[in-house]
Structures are given as C-alpha cells and as structure tokens.
Amino acid sequence: MYNIDTVIDEIIANKFIDLGKAYQKRKKYTLSKKSYHNALQLREKLLAVDFEKYAPLVIETLQSLATLYKEKDEIDYTIEYYRKIITITRSLYQKTSQLNYASLLAITMTKIAKLHIEYYNNHELGLYFHNEALTLYTTLLENEEYLHNRVPLLETNISLAIIYQKMNMFQKSEKHYLNALSSCELLIASGVANHVDKLGMIHSDLATLYFTNNHEINAKENYLLALEILTHSPKKELHLFRETIAIIQNNLANIYASNKKYTKAQLYFRAALQHFIALADEFPALYIDFVTTLFKNLALLYFDQGEHKKAEFFHLQSIKIYEEFIQYDAEKYSIQLASAIIDGVQYYGQHSLSLYRAESILRAYGWYDKAEVLLGKICKLKSENVKEFV
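A brief report on the enclosed structure follows.

Quick notes on the rules
- Residues numbered from 1 in each chain as written.
- Predicted model: local features only at pLDDT ≥ 70, side-chain atom pairs only at ≥ 80, totals over all residues.
- Heavy atoms only, no water.
- Helix = DSSP H or I, 4+ residues; strand = E, 2+ residues; numbered from the N terminus.
- Expected span 1.5 Å × (residues − 1).
- Buried < 20%, exposed > 50% of the residue type's maximum accessible area, 1.4 Å probe, protein only.
- Contact = heavy atoms within 4.5 Å.
- Core = buried A, V, L, I, M, F, W, Y, C linked by side-chain atoms within 4.5 Å.
- Salt bridge = Lys/Arg side-chain N within 4 Å of Asp/Glu carboxyl O.
- Phe/Tyr/Trp six-rings, centres within 6.5 Å; stacked < 30°, edge-to-face > 60°.
- Patch = residues over 30% accessible without salt bridge, like charges linked within 9 Å, V, L, I, M, F, W, Y side chains within 5 Å.
- Areas by Shrake-Rupley, 256 points an atom, 1.4 Å probe, with all protein chains shown as cover.

The subject of this paragraph is helix H2 (residues 29-46). With 18 residues, H2 ought to run about 26 Å at 1.5 Å a step, and its terminal C-alpha atoms sit 26 Å apart, in line with that. When H2 is considered as a whole, its buried residues turn out to be Tyr29, Ser32, Ser35, Tyr36, Ala39, Leu40, Leu42, Arg43 and Leu46. Buried positions along H2 lie against helix H1 (4-25), helix H3 (51-71) and helix H4 (75-96).

This next bit is on the nonpolar core. Ile202, Val291, Ile342 and Leu362 are the most contacted members of the largest nonpolar core, which has 72 residues in total. For Val291, the contacting residues outside a window of four places in its chain are Leu273, Phe276, Ile277, Ala280 and Ile321. Tyr29, Ala39, Leu40 and Val58 belong to the second largest nonpolar core, which has 46 residues in total.

A few words on the pattern of salt bridges. The tally for this structure, following the rule as stated, stands at 13 salt bridges. Arg363 is the partner of Glu359 in a salt bridge, and the nearest nitrogen-oxygen pair spans 2.8 Å. Residue Glu359 and its partner Arg363 are located together in helix H17 (residues 354-363), separated by four residues, close to a single helical turn. Via salt bridges that share partners, Glu359, Arg363 and Lys382 belong to a single interconnected network.

Within a pair of aromatic rings, the relevant descriptors are the distance that separates the centres and the angle that separates the planes. One pass over the full model with this rule turns up 19 aromatic pairs. Geometrically, the ring pair formed by Phe295 and Phe314 is tilted, given 6.0 Å between the ring centres and 35° between the ring planes. Separated by 19 residues along the polypeptide, Phe295 in helix H14 (residues 284-304) and Phe314 in helix H15 (residues 308-325) bring together distant segments of the chain. Exposure class is identical for Phe295 and Phe314. Each is buried.

A word on helix H13 (residues 262-282). Taking 1.5 Å of rise per residue, the 21 residues of H13 would be expected to cover 30 Å, and the 30 Å separating its terminal C-alpha atoms lies within 8% of that figure. Residues of H13 that are buried include every one of Tyr262, Ala265, Tyr268, Phe269, Ala272, Leu273, His275, Phe276, Leu279 and Ala280, and no others. Of the surrounding elements, those touching the buried residues of H13 are helix H10 (216-230), helix H12 (242-258), H14 and H15.

Now for the environment of Thr292. Among the secondary structure elements, Thr292 is positioned in helix H14. The exposure class of Thr292 is buried, given its relative accessible area of 2%. Taking C-alpha positions, Thr292 is 37 Å from Glu185, a pair spaced 107 residues apart along the chain. Residue contacts for Thr292: discarding those within four places in its chain leaves Ser318, Ile321 and Tyr322.

Right, let's get into a nonpolar patch on the surface. A cluster of nonpolar residues, Ile4, Val7, Ile8, Ile11 and Ile12, forms a patch on the protein surface that exposes about 410 Å² of accessible area. Turning to its location among the elements, Ile11 is positioned in helix H1.

Phi angles above zero are rare outside glycine, and Asn168 is one such case at about 60°. Turning to its location among the elements, Asn168 is positioned in the loop between helix H7 (150-166) and helix H8 (170-189). Among the residues examined, Asn168 registers a relative accessible area of 71% and is labelled exposed. Positive phi is not limited to glycine here, since Lys260 has a value of about 60°. When you line up the elements, Lys260 lands in the loop between H12 and H13.

Take a look at the structure:
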C-alpha cells in the first residue's frame with residue numbers, strides 16, 4: 001500500500017508530462033523541457049518505492065526528453081537520455097526476462113548507433129550499438145510473438161554491412177549483406193511483397209562491394225540479379241530506382257569491357273547513358289557528372305576497339321558539357337575541362353596545341369593538387385610532341 005505522498009507525486013508527474021507534450025507541440029521548448037525534467041525528478045524519486053512499477057514511467061519521461069532534444073538537434077543530450085533508457089531497461093530485462101524490454105533495448109540501441117554515425121561519423125560506436133541490437137533482435141525472433149522483428153533485423157544487417165564496407169572490412173561487410181539477403185528472402189516468402197525491391201537493392205549493394213574489391217564474377221552475378229528485380233518493379237515505382245539501375249548498368253559495362261566483351265559493354269554503357277541523360281534533364285547539377293563519365297567510358301571503349309572517330313565523338317561531347325557548366329561551378333568544371341583536353345591529346349589524336357588552352361585554364365587553379373598533377377602531365381606531353389610545336 002502506497003502512502004498519500006506517493007500518490008500525489010505520481011499524479012503531479014503525470015500532469016508535468018502532459019504539460020511537456022503540450023508545450024513541445026507548440027514548440028515552446030524551454031517550458032516543455034522544464035516540465036519533463038520536473039516529471040523526471042518525481043518519477044525517479046518513485047523508483048525507490050517500486051522499481052518495476054515506476055521504471056517504465058521513468059523510461060517514458062526519458063524518451064520524451066530524448067525526442068525533444070533530437071527535435072532541437074542537441075544530439076549530445078539526446079544520446080545521454082537514450083543511454084539512461086538503456087541502463088534502466090537493461091535492469092528491468094534482467095529482473096523480469098520480459099521480451100518487451102529486450103525489444104525496447106534493441107530499438108534504443110539502434111537509435112544511438114544511427115546518431116553516432118550520422119552526426120559524429122563514429123563508426124566504432126555505431127558498430128557497437130548495432131551489434132548489440134542485432135543480438136537482441138536475434139533473441140526476440142525465437143519467440144513467435146516477436147516475428148515482426150525480422151524487419152529491424154534486416155535493417156540492422158544492412159547498416160552493419162555499410163559500416164564495415166566504409167571501414168574496408170570486406171569479409172564482415174559481405175557476411176552482413178548475405179545475412180540481409182537471407183532475411184529479405186524470408187520476408188518475401190512470408191508474403192511481405194514490398195520487400196522485393198529491397199532485395200534488389202541489397203543485391204546491388206553487395207555487387208558494389210564485390211566490384212570495388214575486384215571480385216568481378218560475384219559482382220556481375222549480383223548486379224544481374226539486382227537489374228532483373230529492379231527493372232521489373234511496377235512502372236510507377238521504376239523512377240525511384242532509375243539512378244541505381246543506371247549505376248548497375250555502368251558497372252556491368254565496365255566489367256564486360258575489362259574482359260573485352262565489347263558488344264555487351266557498349267549495350268550497358270548506352271543504356272546507363274539514357275537513364276542519366278533523362279535524370280540530368282530534370283536535375284542537371286546532380287547528374288551531369290554521371291553523363292560526362294558515361295561519355296568518357298564510351299570514348300575509351302571505342303578507343304580500345306580502334307574506332308577512333310566514335311571515341312573522339314564521345315570525348316568531344318564531354319568537353320562540350322564541361323564548357324557549358326563552367327558558368328555554374330568554375331573551379332570544378334574548369335579543371336575537368338582541362339583534364340578532358342589533355343586526354344584528347346594523349347588518347348584521341350587531337351593537336352597538342354590545345355594543351356596551351358588546358359595550361360592556361362590550370363594556371364588559375366595551380367594551388368589545387370589535381371591542377372598541379374595535370375600541369376605536370378602537360379609538360380610531359382609537350383616534350384613528347386615537341387615536333388608539333390616547331
């Protein structure tokens with residue numbers, strides 16, 4: 001039986017929570033924060049009366065504070081309150097073995113992991129909390145009531161795969177991508193149809209992991225699977241994957257080109273180019289670099305086949321784009337223009353007098369490392385083509 005002071009404290013704490021929510025909704029953050037802290041003080045006091053009864057209410061208050069600070073972009077405080085939630089929830093889980101506390105732990109750890117990565121680029125802490133969450137989600141799946149955790153388990157494996165990939169830890173990244181594929185296939189088999197596109201994206205990401213680590217056979221296999229899945233998405237959804245599809249086609253083309261399968265390489269380069277041109281028409285600043293990359297890839301492809309006129313055509317197309325876009329970003333596109341001019345002399349038989357133009361452009365950006373490298377390249381090409389200048 002609780003005394004009257006306990007009952008009063010509980011009622012007042014509830015009122016403070018209601019006030020905090022009302023103030024937060026109206027974006028009166030100072031008053032909201034004060035109300036939540038008053039509620040927290042009272043509820044923490046009640047923990048001594050009955051831990052198991054009042055701990056969930058303390059957690060509720062801490063969640064409100066974490067949400068408030070996240071809304072204000074005060075991430076240090078957000079993480080602090082999430083950590084307090086973990087401490088109390090872990091104690092409740094140890095005392096009661098109730099799986100709802102394991103679920104809360106996993107969710108909170110996932111939130112902390114994402115904050116550490118997004119705001120502080122702290123991969124180590126991101127890995128720690130994601131791995132802790134992964135263990136908990138795996139445990140929860142042993143109980144039929146928590147089978148809905150297959151989705152966060154999938155997302156956690158993807159997050160871990162991405163982090164390990166950024167840290168150049170190939171085997172661990174591959175392991176989590178493969179686990180994500182298994183989870184996704186299980187979700188699809190259970191009737192969650194909207195995860196078919198997710199399966200395609202995982203195959204694409206896994207393929208890119210293989211591609212960047214020179215595992216061409218595995219990369220090609222997964223890119224082709226991803227392409228098959230994503231290109232068969234409903235027409236209304238296809239535009240969402242257009243960039244991914246184009247990148248897949250470009251990378252497949254590079255794989256085929258490296259193996260001298262020029263017909264297939266040309267097919268995929270041209271398909272990717274069509275997608276990127278369409279995207280660049282809508283969002284030029286975002287996609288024009290992709291278009292120029294495809295022009296350069298096609299130029300190199302035709303050059304390798306001895307089709308110099310076609311190679312020069314695509315090379316000149318990239319130069320035209322750089323000349324047009326200098327007005328939007330002088331530094332970036334001037335240096336890229338100069339680089340393209342140099343490539344024209346080095347690979348596509350253009351007259352070495354054009355090197356003077358490239359040199360003039362680069363002199364304005366001589367403090368850039370890339371500009372210095374290109375100026376050195378010009379000097380070498382001039383010495384090799386000295387007769388043309390005489």
